[in-house]
Amino acid sequence: MTIIITAFERSPDGGKGLARDTRVRWALEEVGQPYDVRLVSFRAMKEPAHLALHPFGQIPTYEEGDLALFETGAIVLHIAERHGGLLPTDADARARAIAWMFAAVNTVEPPILDLATARILESNKPWAEERLPLVEDRIRTRLAQLAARLGHADWLDGAFSAADLMMVSVLLRLRSSGLLDEHPPLAAYVARGEARPAYKRAFAAQLAVNSR
Ligand code: GTB
């Protein structure tokens, strides 16, 4: 059954791979599943046909036969559950990997999103200069905690899993901020993720769309 995902017709990042379709592409590449991409404009995302797939009018979505999914955490978990290679077979290790996936989107990503909001949407507010260091410090706290747990391990909990795929995807957004470089083992962790052939294929696929 053909898998179809949606992605920006033209990503605002110009192909840096920061839009969330990249993590879904990456998961599909890791498990060796071919997929088609339907590109959508910002306008089309808010129209009924797309809203039927995604109640919040966003990308990415995932279609496979009668199944339609939104939310990258849920999509990557679905892919990892249906195909081997992204989740451990041991039940406890699998549960821990899923916990890390939730941590990526629920605990680590929110302050990182706040930074983008502070920099892009709030930069002209009178309180912007005061808020920015507070937001950066909240990220620093999370990075220090994550770095302490990762230590010098290659991956979060044993072999590479969907947990690392989600965490690396979330951390990638910090690259231009310099905050990641305050923790060289974390920067190396992200680089290890990016060095995976499946990530490279996913990145190249989104770049091909966004560099046209
Ligand atoms: N929680 C949802 C998920 O994980 O799937 C969030 C989905 C989401 O935020 N989608 C964004 C979207 O559709 C694209 S990824 N936005 C359009 C809208 O809301 O109208 C977020 C994103 C966008 C752009 C960049 N960039 O250019 O750097 C990075 C990330």
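Just so you know, these numbers come straight off a predicted model, no measurement behind them. (Residues numbered from 1 in each chain as written. Predicted model: local features only at pLDDT ≥ 70, side-chain atom pairs only at ≥ 80, totals over all residues. Heavy atoms only, no water.)

Trainee: Just to check I follow, could you spell out the overall build of the chain for this structure?
Mentor: Secondary structure summary: the chain contains nine helices and four strands in total. Starting at the N terminus and ending at the C terminus, the chain contains elements arranged as β-α-β-α-α-β-β-α-α-α-α-α-α. Since a compact globule built from 212 residues should have a radius of gyration of about 17 Å, the 17 Å found for the chain is in line with a globular shape. The dimensions of the chain, computed from C-alpha atoms along their principal axes, are 50 × 45 × 30 Å. Within the chain, the fraction of its 212 residues that count as buried is 47%. For the chain, contacts bridging at least 24 residues in sequence account for 67% of all contacts bridging at least 6. Counting 25 positive and 27 negative side-chain charges, the chain places the averaged centre of each group 3 Å from the other. (Helix = DSSP H or I, 4+ residues; strand = E, 2+ residues; numbered from the N terminus. Rg over C-alpha atoms; globule rule 2.2 N^0.38 Å. Buried < 20%, exposed > 50% of the residue type's maximum accessible area, 1.4 Å probe, protein only. Contact = heavy atoms within 4.5 Å. Lys, Arg positive; Asp, Glu negative; His and termini not counted. Charge placed at Lys NZ, Arg CZ, Asp CG, Glu CD.)

Trainee: So what exactly am I meant to see when it comes to the nonpolar core here?
Mentor: When a protein is soluble and globular, its nonpolar side chains tend to lie buried together. Formed by 53 residues in total, the largest nonpolar core has its most connected members in Met167, Leu171, Leu174, Leu186 and Tyr189. Secondary structure elements with two or more residues in this core: strand 1 (3–8), helix 1 (21–31), helix 4 (72–82), helix 5 (91–121), helix 6 (128–150), helix 7 (162–172), helix 8 (184–194) and helix 9 (197–210). Among the domains, domain 1 (3–86) and domain 2 (91–196) are the pair contributing at least three residues each to this core. Sequence-distant contacts of Leu186, defined by excluding residues within four places in its chain, comprise Leu143, Leu146, Ala147, Leu150, Leu171 and Leu180. In this structure, Phe8, Val40, Met45 and Ile59 belong to the second largest nonpolar core, which totals five residues. (Core = buried A, V, L, I, M, F, W, Y, C linked by side-chain atoms within 4.5 Å. Domains from an automatic or database assignment.)

Trainee: So what exactly am I meant to see when it comes to the site of the ligand here?
Mentor: Taken together, 14 residues surround the ligand, and among them Arg20, Lys46, Ile59, Glu71 and Thr72 come closest. Between the ligand and Gln58 there is a distance of 3.0 Å, counted from an oxygen atom to a side-chain nitrogen or oxygen. Thr72 places a polar side-chain atom, nitrogen or oxygen, 2.7 Å from an oxygen atom of the ligand. Surface burial for the ligand is 80%, taken as the share of its 680 Å² of free accessible area covered by protein chains. The residue inventory of the shell around the ligand, partitioned by class, reads seven nonpolar, two polar and five charged. (Near = heavy atom within 4 Å. Polar contact = N/O pair within 3.5 Å; in protein donor to acceptor, adjacent residues only side chain to side chain. Areas by Shrake-Rupley, 256 points an atom, 1.4 Å probe, with all protein chains shown as cover. Nonpolar A, V, L, I, M, F, W, Y, C, P; charged D, E, K, R; others polar.)

Trainee: How should I be thinking about the packing of helix 4 against helix 5 in this particular structure?
Mentor: Between two packed helices, what matters for the description is the angle formed by their axes and the separation of those axes. Contact geometry of helix 4 with helix 5 gives a least axis separation of 11 Å together with a crossing angle of 160°. Judged by the angle between their axes, helix 4 and helix 5 are roughly antiparallel. Of the two possible hands of crossing, helix 4 and helix 5 adopt the one that is right-handed. Across the interface between the two elements, Gly73, Val76, Leu77 and Glu81 of helix 4 pack against Arg94, Ile98 and Met101 of helix 5. For the contact of helix 4 with helix 5, the class distribution of residues is four nonpolar, one polar and two charged. (Axes fitted to C-alpha atoms, helices over the stretch in contact; angles between N-to-C directions. Parallel < 35°, antiparallel > 145°, perpendicular 65-115°, else oblique. Left-handed = near helix turned anticlockwise from the far one by under 90°.)

Trainee: Which parts of the structure should I look at to understand the pattern of salt bridges?
Mentor: Side chains bearing opposite charge may pair, as long as their charged atoms lie close to each other. Under the definition given, this model contains 14 salt bridges. When the shortest N-O distance is used, the salt bridge between Glu109 and Arg20 registers 3.4 Å. Here the residue Glu109 occupies a position in helix 5, and Arg20 occupies one in the loop between strand 1 and helix 1, the gap between them amounting to 89 residues. (Salt bridge = Lys/Arg side-chain N within 4 Å of Asp/Glu carboxyl O.)

Trainee: Could you clarify how one ought to interpret the domain arrangement of the chain in this entry?
Mentor: By a widespread convention, an interface's size corresponds to the accessible area lost as its parts come together. When its domains are assigned, the chain resolves into domain 1 (3–86) and domain 2 (91–196). With 14 residues of domain 1 at the interface, the matching set in domain 2 holds 18 residues. Note on domain 1 versus domain 2: buried area summed over both sides is about 1,300 Å², and carbon and sulfur give 65% of it. Sorting the residues of domain 1 by area buried against domain 2 places Arg23, Trp26 and Leu86 first, and these three jointly supply 43% of that buried surface. Joining domain 1 to domain 2, the criterion identifies three salt bridges. Its salt-bridge partner being Arg196, residue Glu30 comes within 2.7 Å of it at the nearest N-O pair. The interface formed by domain 1 and domain 2 includes four residue pairs in polar contact (both at pLDDT 80 or more). Counting residues per element, the ones that place at least two in the side of domain 1 that touches domain 2 are helix 1 and helix 4. A total of six residues in the side of domain 1 that touches domain 2 trace back to one element, the largest contributor, which is helix 4. (Buried area = accessible area lost by both parts, 1.4 Å probe.)

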